[in-house]
Amino acid sequence: MIVNVIWTSLLVLSTLTLAVLSLPTTSITEEVKNKDDFNPEMDDDVPADRYLTHEEMITWLNSIARRYPKKAKTFSIGKSEEGRDLLVLELSHSVGRGERDLLMPMVKLIGNIHGNEVVGRQLLLRTISHLIQKDSVDPRVTRLLNTTDIFFLPSMNPDGFVKAREGDCWSGGPEGGRLNAKNIDLNRDFPDQFKPEDKLLRSQSELLQGRAAETQAVIRWIKNNPFVLSASLHGGAVVASYPYDGSDTDQLQGYYSASPDDRVFRKLSQDYADRHPLMKKADTCGVGFPDGITNGARWYDLKGGMQDFNYVHSNAFEVTLELSCCKYAPAADLPAEWEYNRKPLLNYIASTHRGVRGLIIDKDTKRPIRDAYVHVSGIDKNITSTERGEYWRLLSPGRYTIQSFAEGYIPSASRSISITDIYTEQVNFELESKFPRKTISRLVCN
Ligand SMILES: [Zn+2]
């Protein structure tokens, strides 16, 4: 049996989505201290016009968590090859409640996977600062933090970052900081569905074997948490690039390698580009992306990227956001970059509330069913449920037929749903066991 319930906070979320779309413009100098006055132990703001060092960033993230324990928490997901922490800051009102609320979606934002692509790293720090300061001031931010579990990994490649130099726009080699300390390109280091040697990898230990320390940490993080949405922030172009990055062809450029969720990815990417004043301009960086978006493989084929790994090996949908023509842009560009990207980033985080979500439970026991599947007709990608029976299924606007099934259970009936741009639908499933308790107890008694 399927129970379709309009989520009680539907109106809240519809308001949230619309509200984030229309966040007001503020002046470039808002809330910004003189760069020389910055104290990472005390200040909520990060400087608008200079990059933080690795040490400053770690101190600042931890100080935010210490000063705002009801909404912020830091933890390390592992260490880089040279022993630097891969520090994550979690931001959500659920932090203060001690546990993620049931059905609250998890979003992650990862910067600096290439150590010399640094604008995204700094923008994530400013996003944290913005959300901390606007909470309880701007009701739209308060609602966002009350309904969303947001994780920031501003620097995935701190060893590369410490080698990189401001103003170096193009370095691609080991000396420039793109790679990690073992000269590995982390965005070529993930298991890839199109690499023959990776196709048979299944268990977590198989997926981890032979990878860089940073890649291993992120693989574990992805596999052990039910992320719904993700972004990877890069530089060297200005475009939103979506899966797949790889293909089964040997074509270096021009082949459109569509994933089953091409429509969702196009929508997520277009929503970002439409809110960014430069992304859709054909002459930005001298390379034209007419809509400001591209299929990854069509731009250029790459294997071992993080974006495809998320989609193929988890429920997380990840888009690659290329944010600046110059990889290590001069710090003087940072205030403008924040203006360009603030609305798109906040809207991107809020878009995790689009689509359908719900609980999958056992009809008899009412217990959650873990690893149940949600199938959408016509989309060859099933989403799996968490140990609490939750699922989230991002969808672009339209009508769909969905169904749930799980090992040992009779598949649910199909359910027709209508998805719009402005609210999340909740559809719960109660699955009937193929071996009902009464039958089992009768068998035992007899
Ligand atoms: Zn990059």
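Only a predicted model underlies this, so the values are computations on that prediction, with no experimental measurement involved.

What counts, and where the lines are drawn
- Residues numbered from 1 in each chain as written.
- Predicted model: local features only at pLDDT ≥ 70, side-chain atom pairs only at ≥ 80, totals over all residues.
- Helix = DSSP H or I, 4+ residues; strand = E, 2+ residues; numbered from the N terminus.
- Buried ≥ 20, exposed ≤ 12 C-beta atoms within 10 Å, placed from the backbone.
- Expected span 1.5 Å × (residues − 1).
- Contact = placed C-beta atoms within 7 Å.
- Pairing = 2+ DSSP bridges.
- UniProt positions renumbered as here; feature names shortened; annotations may be inferred.
- Axes fitted to C-alpha atoms, helices over the stretch in contact; angles between N-to-C directions.
- pLDDT = per-residue confidence, 0-100.
- Core = buried A, V, L, I, M, F, W, Y, C linked by C-beta atoms within 7 Å.
- Parallel < 35°, antiparallel > 145°, perpendicular 65-115°, else oblique.
- Left-handed = near helix turned anticlockwise from the far one by under 90°.
- Nonpolar A, V, L, I, M, F, W, Y, C, P; charged D, E, K, R; others polar.

**Some remarks on the overall build of the chain**
Scanning the chain from N- to C-terminus turns up 13 helices and 17 strands. Of all 446 residues assigned to the chain, the portion counted as buried reaches 49%.

**Overview of helix 9 (residues 262-275)**
With 14 residues, helix 9 should cover 20 Å at 1.5 Å per step; its first-to-last C-alpha distance of 20 Å lies within 8% of that length. If you check which residues of helix 9 are buried, you get Val264, Phe265, Lys267, Leu268, Ser269, Asp271, Tyr272, Ala273 and Arg275. Against strand 7 (237-242), strand 8 (293-295), strand 9 (317-324) and helix 12 (334-350) lie the buried residues of helix 9.

**Here's the deal with unusual backbone geometry**
Omega for the peptide link from proline 243 to tyrosine 244 comes to -5 degrees, which places this bond in the cis form. Of note in this structure, asparagine 112 is not a glycine but carries a positive phi near 65 degrees. Note that asparagine 112 resides in the loop between strand 4 (106-111) and helix 4 (119-134). With phi around 70 degrees, serine 136 is a residue other than glycine that occupies positive phi space. Relative to the elements of secondary structure, serine 136 occurs in the loop between helix 4 and helix 5 (139-147).

**Thoughts on the pairing of strand 13 (residues 390-393)**
Here strand 13 shows two buried faces, one formed by Glu390 and Trp392 and the other by Tyr391 and Arg393. Where strand 10 (residues 355-362) and strand 13 come together, four bridges link them in antiparallel fashion. The partner of glycine 358 across the bridge, within strand 13, is tyrosine 391.

**A look at the UniProt feature "active site" (unreviewed entry) in the chain**
UniProt records the feature "active site" (unreviewed entry) at Glu322, using the numbering of this structure. Note on placement: glutamate 322 falls in strand 9. Once residues within four sequence positions are removed from consideration, glutamate 322 is found in contact with His234, Gly235, Gly236, Ala237, Val238, Val239 and Ser241.

**What about the sheet that holds strand 3 (residues 85-91)?**
The strands that make up a sheet pair up through hydrogen bonds in the backbone, lying either parallel or antiparallel. Pairing within the open sheet is mixed, and its eight strands lie in the order 2-3-5-4-6-9-7-8. In the strand order of this sheet, the two ends are held by strand 2 (72-79) and strand 8, each with one partner. For this sheet, the mean inter-axis angle between neighbouring strands, taken without regard to orientation, is 25 degrees. In this structure, strand 4 lies alongside strand 5 (residues 149-153), joined through five bridges in parallel fashion. Considered in strand 5, the bridge of valine 107 is made with isoleucine 150. Running at roughly 130 degrees to strand 2, helix 8 (residues 213-223) makes contact with strand 2, strand 3 and strand 6 (227-234) of the sheet.

**Looking at the pairing of strand 11 (residues 373-376)**
The alternating pattern of strand 11 places Val374 and Val376 on a buried face and Tyr373 and His375 on a face that is not buried. Relative to strand 12 (residues 383-384), strand 11 is paired through two bridges, and the arrangement is antiparallel. Bridge pairing links tyrosine 373 to threonine 384 in strand 12. Bridge count for strand 11 against strand 14 (residues 398-405) is four bridges, and the pairing is antiparallel. Bridging from a neighbouring strand, valine 376 pairs with isoleucine 402 of strand 14.

**Points about the environment of tyrosine 242**
Structurally, tyrosine 242 can be placed in strand 7. Separated by 51 residues in sequence, tyrosine 242 and isoleucine 293 place their C-alpha atoms 7.8 Å apart. The residues touching tyrosine 242, leaving out its near neighbours within four places in the chain, are Phe265, Arg266, Ser269, Ile293, Asn295, Gly296 and Val319.

**A look at the environment of serine 404**
For serine 404, the position within the fold is in strand 14. Put simply, serine 404 and leucine 431 are 27 residues apart on the chain and 8.0 Å apart in space, counted from C-alpha to C-alpha. The contacts of serine 404, once residues within four sequence positions are left out, are Ile360, Ala372, Tyr373, Val374, Ser412, Phe429 and Leu431.

**A word on the confidence of the model for the chain**
Fine structural detail should not be taken from predicted coordinates in areas where pLDDT scores are low. Confidence in the prediction of the chain, expressed as mean pLDDT, is 90, and 90% of residues score 70 or more. Segment residues 1-31 is flagged for pLDDT under 50; beyond a separation of four residues in sequence, or across chains, it makes 49 contacts in the model. Overall, residues 441-446 carries pLDDT values under 50, and its contacts beyond four positions in sequence, including any with other chains, amount to zero contacts.

**Description of the nonpolar core**
The biggest cluster of nonpolar side chains holds 105 residues, and the ones touching the most others in it are Val107, Ile128, Phe152 and Ala240. Those residues in contact with isoleucine 128 that lie beyond four places of it in its chain are Ile64, Leu89, Leu91 and Phe152.

**Details of the sheet that holds strand 16 (residues 415-419)**
Read from one edge to the other, the open sheet built from four strands follows the order 12-11-14-16, with strand pairing classed as antiparallel. Here the strands that pair on one side only, and so sit at the sheet edges, are strand 12 and strand 16.

**Focus on the packing of helix 9 against helix 12**
The N-to-C vectors of helix 9 and helix 12 enclose an angle of 155 degrees; their axes lie 8 Å apart at closest approach. Comparing the axis directions of helix 9 and helix 12 gives the class roughly antiparallel. By crossing handedness, the relation of helix 9 to helix 12 is classed as right-handed. Across the interface between the two elements, Asp271, Tyr272 and Arg275 of helix 9 pack against Lys343, Pro344, Asn347 and Tyr348 of helix 12. Tallied by class, residues from the contact of helix 9 with helix 12 come to three nonpolar, one polar and three charged.

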